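Overview (structure and organization)
Now for the letters of each chain:
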Amino acid sequence: ILEVTIPENAENSNRDNIRVVARSRTDNTVSAESSCVAHVVVRGVMVSISPSYLSAPPGTELAFTVTITNIGLADDTYNLSATDNAGWGDNIWLDNKSLLVGGCGKENTTTLHVHVPYCVEGGTEDNITVTATSQTDNTVENSDNCRAHVTVVRRVDVSISPPENSGIPGENINYTVTVKNDGSVSDNYTLKCEDNLGWPLSPTSILFQNVAPCGSRTTQLSLMVPENATPG
């Protein structure tokens with residue numbers, strides 16, 4: 001076995017030509033030789049993400065460009081992975097799980113997608129890390145980070161069930177009113193109930209406080225059909 005240790009100061013692409021000679025100790029005129037080459041191949045990778053920061057309301061998809069640069073000498077294929085600190089899980093994915101990149105400063109790109117989940121408080125930030133690891137040498141890797149920020153949005157939805165009801169004069173008609181916070185920040189809501197015929201309503205107003213994003217509150221709405229109401 002011929003072992004060659006590449007010196008620490010060896011430069012990229014250095015080639016050491018090695019010759020091995022076998023000579024008879026009995027007759028030094030009897031000999032043969034062969035040669036081999038020790039080639040320095042330095043592997044390296046660099047990851048960069050652009051832009052480094054994006055902001056959007058819940059339910060919106062963000063797109064970051066991930067550039068993988070081969071700073072080694074040989075072509076290489078890199079496995080790609082994305083992790084985050086907010087636990088958004090399947091809401092984060094890459095278009096490619098691996099990329100082939102040529103050597104000598106060549107690069108390749110893929111897209112990092114981030115779907116901002118619903119029901120996330122405005123102001124939340126998710127720090128995402130994309131890592132590229134050489135398939136040839138798993139000690140060769142690099143990573144970069146980006147941030148996805150959830151903007152503050154106030155939205156509310158009101159629904160009444162059933163949408164239509166009926167009753168006889170002097171009878172109470174009941175409905176369920178649901179208020180849902182479709183925004184990205186906790187909010188307070190004042191409900192005011194009114195009608196076009198002036199029939200008795202209960203309640204005429206109510207306050208819902210500290211309704212969380214995607215949270216909802218319900219109340220019962222009661223309406224009395226007057227004794228003198230005209231049928232229909």
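This text goes with the structure placed above it.
Scope of this entry: the structure provided in the associated data block.

**Structural notes on the overall build of the chain**
When helices and strands are counted, the chain shows zero helices and 17 strands. Against the globule reference of 17 Å for 232 residues, the chain gives a C-alpha radius of gyration of 35 Å, more extended than a compact globule. Viewed in the frame of its principal axes, the chain has a C-alpha envelope of about 135 × 25 × 20 Å. Within the chain, buried positions represent 31% of all 232 residues. Taking as baseline every contact in the chain between residues at least 6 positions apart, the subset at least 24 positions apart corresponds to 60%.

**Focus on the side chain of Thr69**
Tracing the backbone shows Thr69 in strand β5 (residues 61-70). Residue class for Thr69 comes out buried when judged on its relative accessible area of 11%. In this structure Thr69 touches Gly44, Val45, Met46, Gly105, Lys106 and Glu107, once residues within four positions along its chain are discounted.

**Let's talk about the pattern of salt bridges**
Opposite charge on two side chains lets them pair, provided their charged atoms get close. If you walk through the whole model with that rule in mind, you get five salt bridges. For Arg19, the salt bridge identified is with Glu33, shortest N-O distance 2.9 Å. Taken together, the residues span a long stretch of sequence, with Arg19 in strand β1 (residues 15-23) and Glu33 in strand β2 (residues 31-39) at a distance of 14 residues. The exposed category is assigned to Arg19, whose relative accessible area is 56%.

**Examining the pairing of strand β9 (residues 107-115)**
As paired elements, β5 and β9 share nine bridges and run antiparallel to each other. The residue of β9 that forms the bridge with Thr67 is Thr109. Taken together, the three bridges between strand β7 (residues 92-94) and β9 define a ladder with antiparallel strand orientation. Note on β9: the bridge partner recorded for Trp93 is His113.

**Quick look at the state of the cysteines**
Using the criterion set out here, one finds one disulfide in the structure. Put simply, Cys119 and Cys214 are joined by a disulfide, and their sulfur atoms are 2.0 Å apart. In this structure, the disulfide formed by Cys119 and Cys214 twists by about -95° around the S-S bond and is classed as left-handed. With Cys119 in the loop between β9 and β10 (125-134) and Cys214 in the loop between β16 (205-211) and β17 (216-224), the pair connects residues that are 95 residues apart, well separated along the chain. Taking the relative accessible area as the measure of exposure, Cys214 reaches 27% and is therefore partly exposed.

**Observations concerning the sheet that holds strand β12 (residues 156-161)**
As summarised here, the arrangement of the four strands in space is β12-β13-β17-β15, forming an open sheet in which the pairing is antiparallel. Two strands close off the open sheet at either side, each with one partner strand: β12 and β15 (201-202). As judged from the nine bridges shared by strand β13 (residues 172-181) and β17, these two strands associate in the antiparallel manner. Of the residues in β17, the one forming a bridge with Ile173 is Leu223.

**Here's the deal with the sheet that holds strand β3 (residues 45-50)**
Spatially, the four strands line up as an open sheet ordered β3-β5-β9-β7, and their pairing is antiparallel. The sheet is open, and its two edges are formed by β3 and β7, each paired on a single side. Direction aside, the axes of adjacent strands within the sheet are offset by 25° on average.

**Describing the environment of Ile206**
Here Ile206 shows up in strand β16. The exposure class of Ile206 is partly exposed, given its relative accessible area of 26%. Taking the C-alpha atoms as reference points, Ile206 and Ser81, separated by 125 residues in sequence, lie 50 Å from one another. With residues near it in sequence (within four places) discarded, Ile206 still touches Tyr189, Thr190, Leu191 and Thr219.

Rules behind the numbers
- Residues numbered from 1 in each chain as written.
- Predicted model: local features only at pLDDT ≥ 70, side-chain atom pairs only at ≥ 80, totals over all residues.
- Heavy atoms only, no water.
- Helix = DSSP H or I, 4+ residues; strand = E, 2+ residues; numbered from the N terminus.
- Rg over C-alpha atoms; globule rule 2.2 N^0.38 Å.
- Buried < 20%, exposed > 50% of the residue type's maximum accessible area, 1.4 Å probe, protein only.
- Contact = heavy atoms within 4.5 Å.
- Salt bridge = Lys/Arg side-chain N within 4 Å of Asp/Glu carboxyl O.
- Pairing = 2+ DSSP bridges.
- Disulfide = S-S within 2.5 Å.
- Axes fitted to C-alpha atoms, helices over the stretch in contact; angles between N-to-C directions.

In short, shape yes, function no, at least from these values alone.
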